[in-house]
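Coordinate analysis (summary)
The primary structure of each chain is shown beneath.
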Amino acid sequence: MTPHISAKKEDIAKTVLMPGDPLRAKKIAETYLENVKLVNEVRNMFMYTGTYKGVEVTIAGSGMGCPSIGIYSYELYNFYDVENIIRIGSAGSYKEEIKVYDVYNVKEAYGDSNYAKLAANIDDKVIKAGTELYSLIENVAKDKNIKTLTGRAHSADVFYRHDDITEFVKENELDVVEMESVALFANAIKAKKQAACLLTISDNLVTKEITTAEERQNNFMQMVEIALEVAVK
Ligand code: ADE
């Protein structure tokens, strides 16, 4: 038990998939896992453990933003002996050619915040995903014939910004924007564990294309299937 997770240590698997939304964790667990057990409901941040192809996997909500995923991933790595965390989330695209529903495997994340410095004493603004987990995702996606795009994500602190960030995006070579990966990657490096971040593009900030909640639900599943396959490798 930790301040934010009431699960018993033995109820959390070595590999955890983390969608931002706890209800999405529920949906994924109910759709794909066998022998599913709800192992955490503190703050309604639902976490489920079950088996996929006979291997134990945990699906856990992370909440939104670096502070939230920072707390949960820290506790999972350091108090529950979790080895691998794969964030499965959504992102906005900064590029016309990265379209809604594309699947994006984050190679590295540019952080707005001081999270990496404060949590892991890392000075760099750009933090890399775990290379093993990142490569496994690429290989599994290829085997499943699912195209992934890859590169640098902007791990932003502010969803509703006041300014135009076109120049900032160009200067820092940012492809997509989400709000959690840099904290997850920094915690993994500090704990000497693996982290990856798979994203489905939900909106394009250039073309203004957006997806409906229902469409998102269906397309999100391609990414989930890659992550589950990686979890059982
Ligand atoms: N996740 C999905 N779309 C996003 C956006 N436009 N900004 C930040 N995070 C996002």
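Residues numbered from 1 in each chain as written. Predicted model: local features only at pLDDT ≥ 70, side-chain atom pairs only at ≥ 80, totals over all residues. Heavy atoms only, no water.

Observations regarding the confidence of the model for the protein chain
Scored by pLDDT, the protein chain has a mean of 96; 100% of the residues are at 70 or more. For this predicted complex, the interface confidence comes out at an ipTM of 0.96, alongside a pTM of 0.97. (pLDDT = per-residue confidence, 0-100.)

Regarding the layout of surface pockets
Here the largest pocket is characterised by a volume of approximately 1100 Å³. Surrounding the largest pocket, 40 residues form its lining, Ala-91, Gly-92, Phe-159, Val-177 and Asp-203 being those nearest its centre. At the level of elements, β5 (84–93), α5 (166–171), β9 (176–178), β10 (194–204) and α7 (213–231) are the ones that each hand at least two residues to the lining of the largest pocket. Here the lining of the largest pocket takes six residues from β5, the largest share from any one element. (1 Å grid on protein atoms, 1.4 Å probe; cavity = no way out; pocket = protein on both sides within 12 Å on 5 of 7 lines; lining within 4 Å. Points joined across faces, edges and corners; volume = space filled by probe spheres on them. Helix = DSSP H or I, 4+ residues; strand = E, 2+ residues; numbered from the N terminus.)

Points about the site of the ligand
Every residue close to the ligand is listed here: Ser-90, Ala-91, Gly-92, Phe-159, Val-177, Glu-178, Met-179, Ser-202, Asp-203 and Leu-205. At 3.5 Å, a backbone N or O of Ser-90 approaches a nitrogen atom of the ligand. Between Asp-203 and the ligand, the recorded distance is 2.7 Å, taken from a side-chain N or O atom to a nitrogen atom. For the ligand, the accessible surface in isolation is 260 Å², of which the surrounding protein chains cover 86%. A molecule is said to occupy a pocket when more than half its atoms come within 2 Å of that pocket's grid points, and by this definition the ligand occupies the largest pocket. When contributions to the shell around the ligand are tallied by element, the ones reaching two or more residues are β5, β9 and β10. No other element matches the three residues that β5 contributes to the shell around the ligand. Along the lines of polarity and charge, the residues of the shell around the ligand split into five nonpolar, three polar and two charged. (Near = heavy atom within 4 Å. Polar contact = N/O pair within 3.5 Å; in protein donor to acceptor, adjacent residues only side chain to side chain. Areas by Shrake-Rupley, 256 points an atom, 1.4 Å probe, with all protein chains shown as cover. Sits in = over half its atoms within 2 Å of the grid points. Nonpolar A, V, L, I, M, F, W, Y, C, P; charged D, E, K, R; others polar.)

Observations regarding the packing of helix α2 (residues 66–79) against helix α6 (residues 181–191)
Between two packed helices, both the angle of their axes relative to each other and the distance between the axes serve to describe the pair. Running from N to C, α2 and α6 point in directions that differ by 25°, and their axes come no closer than 8 Å. Considering their axes alone, α2 and α6 lie roughly parallel with respect to each other. Handedness of the α2/α6 crossing: right-handed. Taken together, the residues of α6 that come into contact with α2 (itself represented by Cys-66, Ile-69, Gly-70, Ser-73, Tyr-74, Tyr-77 and Asn-78) are Val-182, Ala-183, Leu-184, Asn-187, Ala-188 and Ala-191. The residue makeup of the contact of α2 with α6, split by class, is nine nonpolar, four polar and no charged. (Axes fitted to C-alpha atoms, helices over the stretch in contact; angles between N-to-C directions. Parallel < 35°, antiparallel > 145°, perpendicular 65-115°, else oblique. Left-handed = near helix turned anticlockwise from the far one by under 90°. Contact = heavy atoms within 4.5 Å.)

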